[in-house]
Amino acid sequence: MRFARKGAEAPVRYNSELAKKILLTLIMTVMGILFMTPFFWMISTSMKPEADVFKYPIEWIPKNWNAIENYKEVWTTTKFPLYYWNSIKVTLLTTFFSVLFAAMSAYAFAKVKFRGRDAVFILVLAIYMVPQQAILVPQFLLFRWMGLFDTHLGLVMLGAFSVLGTFMLRQFYMGIHDEFMESAKIDGAGHIRIFLSICTPLVRPAIATYAILRFIWTWNDYQGPLIFLKTKTLFTIQLGIRSFATLNGELYSLIMAGAVSAILPLLIIFIIGQKQVIEGIALGGVKG
C-alpha cells in the first residue's frame, strides 16, 4: 500500500510542475508581447504614409507601403549620415578605451599586490556613489579649460573611465587561480604578459558583456552630447533625432523611420554578441 501511494503521488506532482511551467511560459509570453508592442508599432509606422499612421484599428501590416520614400527622405534630406558617423566614431572609441582601462584597472586591483590597494579600491567605489548630475558643472568647467569642450575627444574621455566596469571585471579576475600566475612568473612572464596572454582570455565573456553594455550606453547617451557639444556638425545620432523631430514634429512616419534607423546598430551588436552575454552571465553564476 505504501509503494502504491508513492506511485500515485508521482504523476500528480509531475502534472502540477508541468502546469506551473505552462502557466509561467504563458505569462512571460504575454509580458514579452506587451513590452515589444511599442517596438512593433514604431517599425510599422515607419513604413506607412502619414495619413495611415493613426488609423483605427491599427494596421500592424500596412496596406499602403511607403517605407522606401520615408527612409529615403530621412537619409537624403537631413544630416543623418553625418550624425550616424559621429555616433559610430564616438561610440567605438569610447567602448574600446573604456574596456581597455576597466580591464587593466580590474586586473591591478585583483591580482597586483601593492600597499593601499584595498583602500584605493574603496575610494574608487566611493567616487561611483557620487551622482553624475552633481559633477556636471565641474566637468564642464574643466573640459572648457582644457579645450575639450565641443569636441568628440571630450565625449570619449567622459565615458572612457568607468568605475562600474572596473568593479564588474575585478570580480571575474579575482576568480582566476593564482597558480596560473605563479607558473607564468616562473617562466619569466611579467604582469603585462600575464594580463594579455593568461588572465584576459579567461574572462573574455565578461569583457564582451561589458563591451556590449558600454556600446549601448554610449550610443544612447543624450545628456553628454547635449551639454558638451554645440556645433551641429559634431552632433551624435541622439541629438540628430531630436533636431529632426523638432523640424518634423507632425510627421510621425518620418520620425519613426529615423528612430528605427537609430536603433539598428544596437540590434546588430546584440545579435552578434548575445552568445558572449549568455556566457558572461553563466560564468558569473558559476563563480557566485
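Note that the structure is a prediction, hence the values are computed from the model and not measured.

Asks: Lay out the overall build of the chain with the relevant residues and their values.
Replies: Tallying secondary structure elements over the chain gives 13 helices and zero strands in all. For the chain, the sequential pattern of α-helices and β-strands runs α-α-α-α-α-α-α-α-α-α-α-α-α. Within the span of the chain, comprising 288 residues, buried residues form 36% of the whole. Summarising the internal contacts of the chain: among those between residues at least 6 apart in sequence, 73% fall at separations of at least 24. Accessible surface computed for the chain: about 18,300 Å², of which carbon and sulfur atoms make up 70%.

Asks: Explain the packing of helix α3 (residues 80–111) against helix α6 (residues 152–160) residue by residue, including any values.
Replies: Between α3 and α6, the least distance of the axes is 8 Å, while the angle of their chain directions is 35°. Pair α3 / α6 crosses with right-handed handedness. Seen from α3, the contacting residues are Asn 86, Lys 89, Val 90, Leu 93, Thr 94, Phe 97, Ser 98 and Phe 101; seen from α6, they are His 152, Leu 155, Val 156, Gly 159 and Ala 160.

Asks: A description of the pattern of salt bridges should follow, citing residues and the corresponding values.
Replies: As enumerated under the stated definition, the model contains one salt bridge in all. Among the ionic pairs, Arg 117 bridges to Asp 118, the shortest N-O distance being 3.8 Å. Owing to a relative accessible area of 47%, Asp 118 belongs among the partly exposed residues under this scheme.

Asks: Describe the packing of aromatic side chains, with residues and values.
Replies: Summed over the entire model, instances satisfying the criterion amount to 16 aromatic pairs. When the ring of Phe 96 is compared with that of Phe 97, the centres are 5.2 Å apart and the planes differ by 75°; the resulting orientation is edge-to-face. Of the residues examined, Phe 96 reaches a relative accessible area of 51% and is grouped as exposed. Arranged with centres 6.4 Å apart and planes meeting at 20°, the rings of Phe 121 and Phe 167 form a pair that is stacked. Pair noted here: Phe 121 is in helix α4 (residues 117–128) and Phe 167 is in helix α7 (residues 163–174), with a separation of 46 residues, a long-range link. Ring-pair connections join several aromatic residues into one group, and the members of that group are Trp 75, Phe 80, Tyr 84, Phe 215 and Trp 219. The ring of Phe 121 carries Arg 170 above its face, with NZ or CZ at 4.1 Å from the centroid.

Asks: So, the nonpolar core: which residues are in play, and what are the values?
Replies: Within the largest apolar cluster, 22 residues are counted, with the highest numbers of intra-cluster contacts made by Val 74, Phe 80, Trp 219 and Ile 237. Contributions of two or more residues to this core are made by α2 (67–76), α3, α10 (204–220), α12 (237–247) and α13 (252–287). Apart from the residues within four sequence positions on either side, Trp 219 is in contact with Tyr 84, Ser 87, Ile 88, Thr 91, Ile 237, Gln 238, Ala 262, Pro 265 and Leu 266.

Asks: So what's going on with unusual backbone geometry? Residues and values would help.
Replies: Excluding glycine, residues mostly carry a negative phi; peptide bonds, for their part, are mostly trans. Although it is not a glycine, Asp 150 adopts a positive phi angle of roughly 65°. You can call Asp 150 buried: its relative accessible area is 13%.

Asks: Any details on α2? Residues and values, ideally.
Replies: Taken residue by residue, α2 has Ala 67, Asn 70, Tyr 71 and Val 74 as its buried positions. Considered in projection along α2, the buried side chains sweep an arc of 90° and stay on one side of the axis. For α2, the exposed residues set more than 90 degrees away from the buried face come down to Ile 68, Lys 72 and Thr 76.

Asks: I'd like a rundown of the side chain of Thr 45, residues and numbers included.
Replies: Checked against the element boundaries, Thr 45 lands in helix α1 (residues 2–46). For Thr 45, a relative accessible area of 0% translates into the label buried. Only 2.7 Å separates the side chain of Thr 45 from the backbone oxygen of Trp 41, close enough to count as a polar contact. Discounting chain neighbours no more than four positions away, the residues touching Thr 45 are Val 53, Asn 70, Tyr 252, Ser 253 and Met 256.

Asks: Explain a nonpolar patch on the surface to me, using residue names and the numbers behind them.
Replies: Where nonpolar side chains cluster on the molecular surface, the patch consists of Leu 23, Leu 24, Ile 27, Met 28, Met 31, Phe 35, Met 36, Phe 40, Ile 58, Trp 60, Ile 61 and Trp 65 and spans about 1,300 Å² of accessible area. Topologically, Ile 27 is positioned in helix α1. On the basis of relative accessible area, Ile 27 is assigned to the partly exposed category, the value being 41%.

Asks: Describe the packing of α4 against α7, naming the residues involved and giving the relevant values.
Replies: Contact pair α4 / α7: the axes reach a minimum separation of 9 Å and the direction vectors enclose 135°. Here α7 runs oblique to α4, going by the angle between their axes. As α4 packs across α7, the resulting crossing turns out to be left-handed. Contacts between α4 and α7 pair Phe 121, Val 124, Leu 125 and Tyr 128 from the former with Val 163, Leu 164, Phe 167 and Arg 170 from the latter.

What counts, and at which threshold
- Residues numbered from 1 in each chain as written.
- Predicted model: local features only at pLDDT ≥ 70, side-chain atom pairs only at ≥ 80, totals over all residues.
- Heavy atoms only, no water.
- Helix = DSSP H or I, 4+ residues; strand = E, 2+ residues; numbered from the N terminus.
- Buried < 20%, exposed > 50% of the residue type's maximum accessible area, 1.4 Å probe, protein only.
- Contact = heavy atoms within 4.5 Å.
- Areas by Shrake-Rupley, 256 points an atom, 1.4 Å probe, with all protein chains shown as cover.
- Axes fitted to C-alpha atoms, helices over the stretch in contact; angles between N-to-C directions.
- Left-handed = near helix turned anticlockwise from the far one by under 90°.
- Salt bridge = Lys/Arg side-chain N within 4 Å of Asp/Glu carboxyl O.
- Phe/Tyr/Trp six-rings, centres within 6.5 Å; stacked < 30°, edge-to-face > 60°.
- Lys NZ or Arg CZ within 6 Å of the ring centre and 35° of its normal.
- Core = buried A, V, L, I, M, F, W, Y, C linked by side-chain atoms within 4.5 Å.
- Arc of directions from axis to C-beta.
- Polar contact = N/O pair within 3.5 Å; in protein donor to acceptor, adjacent residues only side chain to side chain.
- Patch = residues over 30% accessible without salt bridge, like charges linked within 9 Å, V, L, I, M, F, W, Y side chains within 5 Å.
- Parallel < 35°, antiparallel > 145°, perpendicular 65-115°, else oblique.

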